[in-house]
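Chains, contacts and geometry: an overview
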Amino acid sequence: MGKSHWPFFDYLIVNLIVCCMLISVFFLVFISLFILIAIGVGSTTATTTPNYEDALSKSLVFFEAQRSGKLPHTSNLSWRASSGLNHGSQENVDLTGGYYDAGDNVKFGLPMAFTTTMLAWSVIEFGKKMGHDLHNARDAVKWGSDYLLKASCHLPNALYVQVGNPNDDHKCWMRAEDVKTPPPVYKVTPSNPGSEVAGETAAALAAASIVFRGIDAQYSKKLENAAVKAFTFADKYRGNYSESLSSAVCPFYCSYSGFQDELLWAAAWLHKATKNPSYLNYAKSLGCNADSDSFSWDNKYPGARVLLTKEHLLEKNQGASEFRDHAERFMCSVLPGSPSMSMKYTPGGLLYKMTGSNLQYVTTSSFLMLVYSKYLLVSKQSFKCGDMSVDHHLLRKVAKKQVDYILGVNPKGMSYMVGYSSNFPRRIHHRDSSIPCTNILSGAVSCDAGFQYLHSSGPNPNVLTGAVVGGPDENDYFADDRENCEIRQFWPMTRQCFGHVKRGQ
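Now for a look at the structure at hand. (Residues numbered from 1 in each chain as written. Predicted model: local features only at pLDDT ≥ 70, side-chain atom pairs only at ≥ 80, totals over all residues. Heavy atoms only, no water.)

A word on the nonpolar core
We apply this condition: Each nonpolar core is a collection of buried residues, namely Ala, Val, Leu, Ile, Met, Phe, Trp, Tyr and Cys, held together in the definition by side-chain atoms within 4.5 Å. Residue exposure (1.4 Å probe, protein chains only): buried if accessible area is under 20% of the type maximum, exposed if over 50%, otherwise partly exposed. Contact criterion: two residues are considered in contact whenever any of their non-hydrogen atoms come within 4.5 Å of each other.
Core analysis: the largest hydrophobic core is formed by 141 residues, its most contacted members being Trp-121, Met-331 and Tyr-372. In this structure Met-331 touches Val-306, Leu-368, Met-369, Tyr-372, Phe-383 and Leu-395, once residues within four positions along its chain are discounted. Counting 6 residues, the second largest nonpolar core, distinct from the first, contains Ile-435, Phe-451, Tyr-453 and Leu-454.

Concerning the side chain of Asn-240
The criterion, for reference: By the criteria applied, helices consist of DSSP H or I runs no shorter than four residues and strands consist of E runs no shorter than two, each listed in order from the N terminus.
Among the structural elements, Asn-240 can be located in the loop between helix H7 (217-236) and helix H8 (241-245). Using a relative accessible area of 16% as the deciding quantity, one classes Asn-240 as buried. In this structure Asn-240 touches Pro-193, Gly-194, Glu-196, Ser-255, Gly-258 and Phe-259, once residues within four positions along its chain are discounted.

What to know about the packing of helix H11 (residues 301-313) against helix H13 (residues 359-379)
When two helices pack together, their arrangement is given by the angle between their axes and by how far apart the axes lie. Under the convention used in this document: Interaxial angle, 0 to 180 degrees, is taken between N-to-C directions of lines fitted to C-alpha atoms, where a helix line uses only the stretch in contact. An angle below 35 degrees is treated as roughly parallel, one above 145 as roughly antiparallel, one from 65 to 115 as roughly perpendicular, and anything else as oblique.
It is the contact of H11 with H13, at a shortest axis distance of 10 Å, that shows an interaxial angle of 10 degrees. If you check the angle between H11 and H13, you find them roughly parallel. When H11 is examined against H13, the residues Pro-302, Gly-303, Val-306, Thr-309, Lys-310 and Leu-313 are found in contact with a partner set consisting of Leu-368, Val-371, Tyr-372, Tyr-375, Leu-376 and Ser-379.

A few points about the side chain of His-430
Operational definition: Polar contacts, as used here, are pairs of N or O atoms within 3.5 Å; protein pairs need one atom able to donate a hydrogen and one able to accept it. Residues neighboring in sequence count only if both atoms are side-chain atoms.
By the secondary structure assignment, His-430 is in the loop between helix H14 (392-406) and helix H15 (431-434). A relative accessible area of 4% means that His-430 is categorised as buried. In terms of polar contacts, His-430 uses its side chain to reach the side chain of Gln-66, at 2.9 Å.

Structural notes on the environment of Trp-79
Summarising the element assignment, Trp-79 is placed in the loop between helix H2 (52-65) and strand S3 (107-108). Take Trp-79: its relative accessible area is 9%, and that puts it in the buried class. When the C-alpha atoms of Trp-79 and Ile-440 are compared, they prove to be 9.1 Å apart, with 361 residues separating the residues in sequence. Excluding residues within four positions of it along the chain, Trp-79 makes contact with Ala-65, Glu-177, Asp-432, Ser-433, Cys-437, Asn-462, Val-463 and Leu-464.

Observations regarding unusual backbone geometry
With omega at 10 degrees, the peptide bond leading from Leu-155 into Pro-156 counts as cis. Among the secondary structure elements, Pro-156 is positioned in the loop between helix H4 (134-152) and strand S4 (159-163). That bond from Cys-250 to Pro-251 is cis: its omega, 10 degrees, falls within 30 degrees of zero. Note on placement: Pro-251 falls in the loop between H8 and helix H9 (260-274).

Considerations on the state of the cysteines
A covalent bond between the sulfur atoms of two cysteines is what we call a disulfide. What counts, and what does not: Cysteine sulfur atoms are paired as a disulfide whenever they come within 2.5 Å of each other.
Within the structure shown, the criterion is met by 3 disulfides. Each sulfur in the disulfide pair Cys-250 and Cys-254 lies 2.0 Å from the other. Accessibility assignment for this pair places Cys-250 and Cys-254 in one class, buried. Each sulfur in the disulfide pair Cys-332 and Cys-385 lies 2.0 Å from the other. Handedness of the Cys-332-Cys-385 disulfide follows from its S-S torsion of about -90 degrees: it is left-handed. A residue pair is termed long-range when its members are at least 10 positions apart, and Cys-332 in helix H12 (residues 322-334) and Cys-385 in strand S8 (residues 383-385) qualify at 53 residues. Exposure class is identical for Cys-332 and Cys-385. Each is buried.

If you want it as structure tokens, here you go:
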């Protein structure tokens with residue numbers, strides 16, 4: 001691999017995660033945290049080396065495609081326009097902005113906040129290596145954090161966590177720009193709590209506050225203060241948001257892991273943002289001892305433990321030492337050859353967790369391996385999985401192999417990042433990408449009329465550059481089929497194809 005591309009590899013991992021997340025669904029998420037084109041022109045093959053710098057730039061374009069609200073004149077996508085300018089109007093709140101989830105016209109708060117957290121974490125850890133893309137990465141973080149500030153402005157009485165009814169949205173296939181009726185909004189309150197989404201919102205705001213601390217101190221402090229309020233709300237009014245919001249979030253983004261992981265995750269980020277030891281003490285007091293081999297928009301345990309272990313390895317804070325064992329057991333659960341490995345790998349070498357948007361787990365696991373590799377390198381530490389020794393070189397090697405697979409070094413020679421190389425998915429399960437843009441088809445596309453584009457066998461007219469699809473199955477097989485959203489969607493979707501109604505047939 002050319003050395004010139006390595007500086008962009010670290011951040012690319014994050015973007016892959018988030019792109020995968022948002023598009024399948026964030027994810028967004030997290031996607032929306034990733035990637036690159038083969039050296040030269042033409043298809044990515046097993047004999048070429050991915051161009052991580054190019055992939056990083058493409059991954060950031062994806063976030064522009066997911067934007068809701070008033071779009072700036074600097075947008076790189078001519079096929080997107082401003083939308084959702086009436087969001088929140090029925091409750092007299094401003095909920096414009098933020099990101100649409102996957103290929104839908106709904107803004108789900110839980111995966112969107114996770115996407116924002118992961119984008120911020122990537123900038124914090126690898127921003128200095130991003131070169132000219134650092135500005136765009138910060139813009140992507142800010143588009144999410146600005147929205148979350150609006151959603152949090154009525155705390156402690158309410159936190160707005162969703163715009164749009166997914167059940168209704170799935171009955172239509174429309175461009176976001178053509179949706180004129182204000183969609184319903186959903187909130188959690190002291191009497192109808194949602195500790196998962198409130199905790200993730202707190203984490204996102206705290207992480208974003210670190211990103212902007214040396215750039216805009218006033219904005220950074222505003223984010224930090226809002227993070228504290230969101231965390232206090234999540235902890236004081238404990239409850240499962242899936243129960244409070246029911247069919248508005250389930251089965252799309254049900255919380256399966258409970259809310260303890262979000263409380264731990266939020267406390268970890270607030271400790272990092274504020275340096276207040278009370279948040280570390282809180283994290284320890286939760287007594288979250290169960291291990292997990294997956295890190296996603298739903299389950300934050302592995303990420304929280306890796307973040308807290310940094311405090312131990314790099315800051316020499318012995319108070320955080322208990323999180324190291326958990327963090328390293330996660331690594332052992334995903335590393336090939338580890339005696340405690342619980343993940344599977346495809347014949348082509350892709351980490352495989354489960355059917356439907358599997359690449360979200362690939363990218364999040366790879367990101368944690370890459371971050372932990374950095375911590376081990378700086379602290380000159382290593383660890384063992386049984387008799388297998390693990391150092392920063394091994395973690396980075398495994399993470400790189402997963403990213404390279406996504407970018408085309410795989411049995412099909414296909415890049416699973418849209419727009420990267422000449423061989424990538426063309427039939428993306430995405431409304432705006434699949435319907436001709438307003439510059440070509442100026443009239444509004446109605447709810448029912450849009451289904452002709454969903455059912456079309458042709459490629460999407462608008463290339464969703466930078467999106468990472470759900471990925472291949474356990475045998476490395478992938479079907480480029482817009483209607484097969486179990487395979488085609490971008491992550492963090494565990495929802496897969498729930499609620500999509502075939503119309504117009």
